[in-house]
Amino acid sequence: GRAWVAGQTDSSNSFPLAGPTLAGPSYAGGSADAFLARLNADGSLNYSGYLGGERLDNATALAFDAAQNLYVAGNTTSDEFLPVLAMAPGVPLQDRRAANAVDEEECVDEGRSDCEPADGFLLRITGGDSPALAYATYFGGTGPDGIFALAIDAQSRVFIGGGTGSVDLRGNDPDLGLQPGLVQG
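Not measured: the values here are computed from a predicted model.

J.: How should I be thinking about the pattern of salt bridges in this particular structure?
T.: Oppositely charged side chains are able to pair whenever their charged atoms sit close together. Across all of its chains, the model carries 2 salt bridges by this definition. Of the charged contacts, one joins Arg-55 and Glu-54 as a salt bridge, the two residues approaching to 3.7 Å between their closest N and O atoms. The salt bridge involving Asp-153 is made with Arg-157; its shortest N-O contact spans 2.7 Å. Judged by its relative accessible area of 18%, Asp-153 falls in the buried class.

J.: Just checking my understanding: could you explain the packing of aromatic side chains for this structure?
T.: Enumeration over the complete set of coordinates arrives at 4 aromatic pairs. Consider the rings of Trp-4 and Tyr-47, whose centres lie 6.1 Å apart with planes at 50°: the pair is tilted. Linking Trp-4 in strand β1 (residues 3-9) with Tyr-47 in strand β3 (residues 45-51), this pair joins segments that are 43 residues apart in sequence. The same class applies to Trp-4 and to Tyr-47, which are both buried. Ring geometry for Phe-15 versus Phe-35: centroids 5.1 Å apart, planes at 50°, classification tilted.

J.: I'm lost on the pairing of strand β2 (residues 33-39) in this one. Help?
T.: Consecutive residues of a regular strand have side chains that alternate between opposite faces of the sheet. Most of β2 is tucked away, with 6 of its 7 residues classed as buried. By the bridge criterion, 7 bridges tie β1 to β2 in an arrangement that is antiparallel. Of the residues in β2, the one forming a bridge with Ala-3 is Leu-39.

J.: Would you explain the nonpolar core in this entry?
T.: Taken as a class, soluble globular proteins show a tendency for nonpolar side chains to be buried jointly. Membership of the largest hydrophobic core comes to 15 residues, with the highest contact counts inside it found for Leu-36, Leu-51, Val-72 and Leu-123. Those elements giving two or more residues to this core turn out to be β2, β3, β5 (70-76), β6 (119-126) and β7 (132-139). With 11 residues, the next largest nonpolar core counts Ala-61, Tyr-71, Phe-139 and Ile-152 among its residues.

J.: Please clarify how the sheet that holds β1 should be interpreted in this entry.
T.: Reading across from one edge, β1-β2-β3 is the order of the 3 strands in this open sheet, with antiparallel pairing throughout. What marks the edges here is a single partner per strand, and that holds for β1 and β3. Taken over all neighbouring pairs, the strand axes of this sheet differ in orientation by 15° on average, direction set aside.

J.: It is not clear to me how the sheet that holds strand β4 (residues 57-64) should be interpreted in this structure. Could you clarify?
T.: Strands belonging to one sheet form pairs held by backbone hydrogen bonds; the direction of such a pair is parallel or antiparallel. Taken together, the 4 strands give an open sheet; going across it, the order is β4-β5-β6-β7, and neighbouring strands pair in antiparallel fashion. Taken across any chain shown, the strands that pair with only one partner, and hence form the sheet edges, are β4 and β7. Ignoring which end each strand starts from, the neighbouring axes of this sheet average 20° apart.

J.: Sorry if this is basic, but what is going on with the layout of surface pockets here?
T.: With a probe scaled to a water molecule rolled over the atoms, the places where space remains empty come into view. Empty space within the second largest pocket amounts to approximately 170 Å³. As for the second largest pocket, its lining consists of 12 residues, of which Trp-4, Arg-38, Phe-64, Gln-68 and Gly-128 are closest to the centre. Broken down by class, the residue content of the lining of the second largest pocket amounts to 5 nonpolar, 5 polar and 2 charged.

J.: How do you make sense of the side chain of Asp-145 when you look at a structure like this?
T.: With respect to the element layout, Asp-145 can be found in strand β8 (residues 145-152). Once you skip the residues sitting within four places of it in the chain, Asp-145 turns out to touch Asn-75, Ala-118, Asp-119, Gly-120, Phe-139, Gly-140, Gly-163, Thr-164, Gly-165 and Ser-166.

J.: How do you make sense of the pairing of β7 when you look at a structure like this?
T.: β7 sits mainly inside the fold: 6 of its 8 residues count as buried. Direction of pairing for β6 relative to β7: antiparallel, over a ladder of 7 bridges. Each residue of the ladder has a partner; that of Ile-125, found in β7, is Leu-133.

J.: Can you walk me through the environment of Gly-53 in this structure?
T.: Note on placement: Gly-53 falls in the loop between β3 and β4. With relative accessibility at 2%, the residue Gly-53 sits in the buried group. Along the backbone, Gly-53 and Thr-76 are 23 residues apart, and their C-alpha atoms lie at a distance of 8.1 Å. In contact with Gly-53, not counting residues within four places along its chain, are Ala-28, Gly-29, Asp-33, Ser-78, Glu-80 and Phe-81.

What counts, and at which threshold
- Residues numbered from 1 in each chain as written.
- Predicted model: local features only at pLDDT ≥ 70, side-chain atom pairs only at ≥ 80, totals over all residues.
- Heavy atoms only, no water.
- Salt bridge = Lys/Arg side-chain N within 4 Å of Asp/Glu carboxyl O.
- Buried < 20%, exposed > 50% of the residue type's maximum accessible area, 1.4 Å probe, protein only.
- Phe/Tyr/Trp six-rings, centres within 6.5 Å; stacked < 30°, edge-to-face > 60°.
- Helix = DSSP H or I, 4+ residues; strand = E, 2+ residues; numbered from the N terminus.
- Pairing = 2+ DSSP bridges.
- Core = buried A, V, L, I, M, F, W, Y, C linked by side-chain atoms within 4.5 Å.
- Axes fitted to C-alpha atoms, helices over the stretch in contact; angles between N-to-C directions.
- 1 Å grid on protein atoms, 1.4 Å probe; cavity = no way out; pocket = protein on both sides within 12 Å on 5 of 7 lines; lining within 4 Å.
- Points joined across faces, edges and corners; volume = space filled by probe spheres on them.
- Nonpolar A, V, L, I, M, F, W, Y, C, P; charged D, E, K, R; others polar.
- Contact = heavy atoms within 4.5 Å.

Listed below in structure tokens is the structure:
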């Protein structure tokens, strides 16, 4: 069998790349990009690529559904992390990062730790030997949010767990582009 690995890298020019790219063939910028890699049974690299935008990105959880589609979750401060692709029933869960942008220069001058509040992200990847992005979405409110746990049930329903600093994290807010029917628990 093969093993999937995900995480974060700040390696902009020496990270091993292999196979088709999901987000881009190069480091997207910022302090780190998320990555996704698949190893063959003998340990050789089958697929590897960056998942990232112009700021800090980190993949924190992986899960498979019954059809062997791969789900990747994590956190991003990037406004242009990946193209947000439609989820059933035809709209993205959240089509843009909701975390408030802050003036980075002012933030650093004040020594604040909330300079780049993150939102969570969720990707679904299909394709077996040729991975392809099926959907991508942000998940978060106007404060810092992150996804750290991920599970898929037998009906391919996605369950996420994480943390939030948002007082407005909710599932039906047209101003944030959220899909109606999202249930918080």
